[in-house]
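# Structural features, examined
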Amino acid sequence: MARIAVIGGDGIGPEVVGAGVRVLEAAARADSSLELEFERFPWGCEHYLKHGRMMPEDALETLSSFDAIYLGAVGWPSVPDHVSLWGLLLPIRRGFDQYVNLRPVRLLRGVGSPLAGRAQPDLLVVRENTEGEYSDAGGRLHRGTPHEIAVQESVFTRRGVERIVRYAYERARERRGLLTGATKSNGISVTMPFFDEIFREVGEEFPEVEASLMHADALAARLVLDPAAFDVIVGSNLLGDILSEITAAVCGAIGIAPSANLDPTGEHPSLFEPIHGSAPDIAGRGVANPAGAIWAASLMLDHLGHGEAASRVLGALEETLAGGVRTPDLGGDAGTEEVTRAVVRRLLF
Ligand code: ATP
C-alpha cells in the first residue's frame, strides 16, 4: 500500500491533481497489485491568506510519513511569489533533501510542436535541486549609490555534484547510454571546472555511458535545433532550470510537462507535479489541461516501483490526446472533465 499526500494548491492546481487522482484510482482498480491511499491537504495561498502560513508549522513532520507527495501548483496574484515559493515548495524540497529535479521530455502523440515532421526527442533533464547558483550567500554594498554592487555566491559541494552526476549516469545507463553535462567553464572559472572535473571522475565508474560536456549556450541552441540528439542531460541548479524549460517548450504546450523532485535514497518522500503554475486566467473554468498532472502521476507510480502501471497511465493519456480529446490549449474543445474521463475509460476497459 502506497500512501500519497495530495496538495492541490492554488488556481488550477486542485483541478488538475483532482483529475490525476481519479486516473490513479482507475489504474489501481485495473491492477490488484496496485494499492494506493490518498490524503488531501488544503495548503497553499488560501491557507496563507487565512492563517498567515502556506502550510502548518508541522507540515514536514506530517508529510514525512507518506510515500510520495502529489502537488498541483502554488501561487496566486495576491500573494508575493517569494511567499508561496519559500512557504511551501522550497521547505519541502530542502527538508526532504530532494536533490534531483527530473523532467522527462517526449513529444506525446496528438500534441503539436514546433518540431512537427522532424526527429522526435525522448530525453531526460536532470537538474541539481539543492545548491549551486540558488544559494542565499551574498549581499549588496553601497546601496543607492552609483557604486552599488550586488554579489551572490554559487555553492557547489563535492557531495552535491557527485550525487547528482552519479544519478544522471545511472539513468543514462538504463536508457540509451548517452549523457551530456551542461557546463559554462569557459566563463565561470571556479565552480564550473569543479563540476566538469567531478563529471569526468564519476564517469570512470560508467564506461558503458558515452558522456560529454557541452557549454550551456551551445547546448541550448542544439536543443532547439535538434533535441532528438540527446538522451540524458545533467546540469547545475541554474543551468538545469533553464535547459529544462527550453526542452519543455520545444515539445509542446506548458500544460503537458511533468516534473519530479526526488530523494533517490528513498529516505524521504519525493514530490511529483506538473511544471505549470496556478494559471489564474483559466482557474475555475474547467478547461485546464490535466495532461501534465497525469504524466506526473505516471512518474510517481514509476518511482513507487509500479513501472507497468506507470506506462499504462502514460499510454492511456497519449491515446486520449492522439484520439482528439484535447483541451483548448492544445487546439481542442474538450474540458478537464472530458479528458479525465477519456483517460479513465481507457484504463478500465
Ligand atoms: P508561475 O509563475 O506560477 O509559473 P505563470 O503565470 O508564469 O505562473 P502558468 O500559471 O503556468 O505560468 O501559466 C502560463 C500560461 O499558460 C497561462 O496563460 C495559463 O493559462 C497557461 N497554462 C498553464 N497551465 C495550463 C494548463 N494546465 N492548461 C491550460 N493552460 C495552461
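Since we're looking at a predicted model, the values are computed, not measured.

### Things to note about the overall build of the protein
The secondary structure content of the protein amounts to 11 helices and 12 strands. Computed over C-alpha atoms, the radius of gyration of the protein comes to 20 Å, within 12% of the 20 Å expected from 2.2 N^0.38 for 349 residues, which places it in the range of a compact globule. Principal-axis analysis of the C-alpha atoms gives the protein an extent of 60 × 50 × 40 Å. In the protein, of all internal contacts separated by at least 6 residues, the share reaching a separation of at least 24 is 75%.

### Side note on the site of the ligand
In the neighbourhood of the ligand, 16 residues make up the surrounding shell, with G255, H276, G277, A279 and N289 lying closest. Here the residues of the shell around the ligand sort into 6 nonpolar, 8 polar and 2 charged.

### Focus on the environment of R326
Its location among the elements puts R326 in the loop between α10 (307-322) and α11 (336-348). Spatially, the C-alpha atom of R326 lies 14 Å from that of V344, the residues being 18 residues apart in sequence. Those residues in contact with R326, other than ones at most four positions away along the chain, are G110, L321, G331, G332 and A334.

### What to know about the packing of helix α9 (residues 291-303) against α10
Packed helices, taken two at a time, are described by the angle between their axes plus the distance between the axes. Running from N to C, α9 and α10 cross one another at 160°; their axes reach a closest spacing of 7 Å. By the angle class used here, α9 and α10 are roughly antiparallel. Both α9 and α10 take part in a crossing whose hand is left-handed. Across from A291, I294, W295, A297, S298, L301 and D302 in α9, the residues of α10 making contact are G307, A309, A310, V313, L314, L317 and L321. Taken together, the residues that form the contact of α9 with α10 break down as 11 nonpolar, 2 polar and 1 charged.

### Details of the domain arrangement of the protein
Split by domain assignment, the protein resolves into domain 1 (1-98 + 256-349) and domain 2 (113-251). Taken over C-alpha atoms, the centre of domain 1 sits 26 Å from the centre of domain 2. Facing the 8 residues of domain 1 at the interface are 4 residues of domain 2.

### Description of the nonpolar core
Buried together is how nonpolar side chains tend to be arranged in soluble globular proteins. Within the largest apolar cluster, 104 residues are counted, with the highest numbers of intra-cluster contacts made by V23, V126, A297 and V313. In terms of residues, this core owes the most to one element, α9, which gives 9 residues. Mapped onto the domain boundaries, this core takes at least three residues apiece from domain 1 (1-98 + 256-349) and domain 2 (113-251). With residues up to four places along the chain from it excluded, the contact list for V126 reads V100, L102, I164, Y167, A168, R171, V232, I233, V234 and G240.

### So, the packing of helix α5 (residues 158-174) against helix α6 (residues 191-203)
Relative orientation of the contacting elements α5 and α6 amounts to 50°, with a least axis distance of 9 Å. When the interaxial angle is binned, α5 and α6 end up oblique. Pair α5 / α6 crosses with right-handed handedness. In this structure, α5 contributes R158, V161, E162, V165, R166 and Y169 to the contact, and α6 contributes F195, I198, F199, V202 and G203.

### Notes on the sheet that holds strand β3 (residues 68-73)
What the 10 strands build is an open sheet, ordered β2-β1-β3-β12-β11-β4-β5-β10-β8-β9; its pairing is mixed. Pairing within the sheet leaves two strands with one partner each, and these edge strands are β2 (36-40) and β9 (210-215). Averaged over all neighbouring strand pairs, the angle between strand axes comes to 20°, with direction disregarded. Alignment of strand β1 (residues 2-9) against β3, held across 5 bridges, turns out to be parallel. The partner of I4 across the bridge, within β3, is A68. Where α5 meets the sheet, it contacts β4 (100-106), β5 (122-128), β8 (178-183) and β10 (232-235), and its direction lies at approximately 165° from that of β5.

### Brief notes about unusual backbone geometry
For H142, which is not glycine, the phi torsion reads 55° and is therefore positive. Assignment of secondary structure puts H142 in the loop between β6 (138-141) and β7 (149-152). Look at H142 and you get exposed, because 9 C-beta atoms sit within 10 Å. Within the chain, A279 stands out as a residue other than glycine whose phi angle is a positive 45°. Taking the number of C-beta atoms within 10 Å as the measure of exposure, A279 has 22 and is therefore buried.

What counts as what
Residues numbered from 1 in each chain as written. Predicted model: local features only at pLDDT ≥ 70, side-chain atom pairs only at ≥ 80, totals over all residues. Helix = DSSP H or I, 4+ residues; strand = E, 2+ residues; numbered from the N terminus. Rg over C-alpha atoms; globule rule 2.2 N^0.38 Å. Contact = placed C-beta atoms within 7 Å. Near = placed C-beta within 6 Å. Nonpolar A, V, L, I, M, F, W, Y, C, P; charged D, E, K, R; others polar. Axes fitted to C-alpha atoms, helices over the stretch in contact; angles between N-to-C directions. Parallel < 35°, antiparallel > 145°, perpendicular 65-115°, else oblique. Left-handed = near helix turned anticlockwise from the far one by under 90°. Domains from an automatic or database assignment. Core = buried A, V, L, I, M, F, W, Y, C linked by C-beta atoms within 7 Å. Buried ≥ 20, exposed ≤ 12 C-beta atoms within 10 Å, placed from the backbone. Pairing = 2+ DSSP bridges.

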